[in-house]
Amino acid sequence: EVQLVESGGGLVQAGGSLRLSCAASGFTFDDYAIGWFRQAPGKEREGVSCISSSDGSTYYADSVKGRFTISSDNAKNTVYLQMNSLKPEDTAVYYCAADRSQVLCPSVFGSWGQGTQVTVSS
């Protein structure tokens, strides 16, 4: 069974940094696309970043370009999201998702983690 577990969330002041981890089991990243999403209270879920484990291609939402970096350690079956220069508007629950696809950001992800809370204070 595919399982995804997020970690690394917490409370940080504006301008600070956090690194989120998404540990996968039940599959390997070789043929998968991995995405990071976030959802703030009262708002729709927002796509943040994607990575293709097969070729390393990446995508970033305009709101996080230049501040966030996604990376993959295939030997550890883990994807990271390094978040720098955090802003209060980055506050949300962050989820990772996976789907067996050669597309960088599939329209549908089949597997989801439980999420990790990120809170940025002003």
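Quick summary incoming for the structure in this document. From a predicted model like this one, the values you see are computed outputs, not experimental measurements.

Digging into the side chain of N77
Part 1: Mapping N77 onto the fold places it in the loop between β7 (68-73) and β8 (78-83).
Part 2: In contact with N77, other than residues within four places in its own chain, are C22, A23, A24, F27, T28 and F29.

Concerning the environment of E46
Part 1: Within the fold, E46 resides in strand β5 (residues 46-52).
Part 2: For E46 and S111, which are 65 residues apart along the polypeptide, the C-alpha to C-alpha distance reads 16 Å.
Part 3: Residues in contact with E46, not counting those within four places in the same chain, are W36, F37, R38 and S63.

Remarks on the state of the cysteines
Simply put, disulfide is the name for a covalent bond between the sulfur atoms of two cysteines.
Part 1: Taken as a whole and assessed by the stated rule, the structure comprises two disulfides.
Part 2: Put simply, C50 and C105 are joined by a disulfide, and their sulfur atoms are 2.4 Å apart. The disulfide joining C50 to C105 has a torsion of about 130° about its S-S bond and is therefore right-handed. Here C105 lies in the loop between β9 (92-100) and β10 (111-112) and C50 lies in strand β5, a separation of 55 residues in the sequence.
Part 3: Judged by relative accessible area, which is 28%, C105 ranks as partly exposed.
Part 4: Of note for the protein: the bonded cysteines, numbered N- to C-terminal, pair according to 1-3, 2-4.

Side note on the sheet that holds strand β3 (residues 18-25)
Part 1: A sheet is described by the order of its strands in space; here four strands give the open sequence β1-β3-β8-β7, paired in antiparallel fashion. The strands lining the two open edges of the sheet, one partner per strand, are β1 (3-7) and β7. Within this sheet the neighbouring strands show an average axis-to-axis angle of 15°, counted without direction.
Part 2: Of the strand pairs in this sheet, β1 and β3 are connected by five bridges, and their pairing is antiparallel. Across the sheet, E6 pairs through a bridge with C22, a residue of β3.

Regarding the environment of A40
Part 1: By the element assignment, A40 lies in the loop between β4 (32-39) and β5.
Part 2: In contact with A40, other than residues within four places in its own chain, are T91 and A92.

Thresholds applied
Residues numbered from 1 in each chain as written. Predicted model: local features only at pLDDT ≥ 70, side-chain atom pairs only at ≥ 80, totals over all residues. Heavy atoms only, no water. Helix = DSSP H or I, 4+ residues; strand = E, 2+ residues; numbered from the N terminus. Contact = heavy atoms within 4.5 Å. Disulfide = S-S within 2.5 Å. Buried < 20%, exposed > 50% of the residue type's maximum accessible area, 1.4 Å probe, protein only. Pairing = 2+ DSSP bridges. Axes fitted to C-alpha atoms, helices over the stretch in contact; angles between N-to-C directions.

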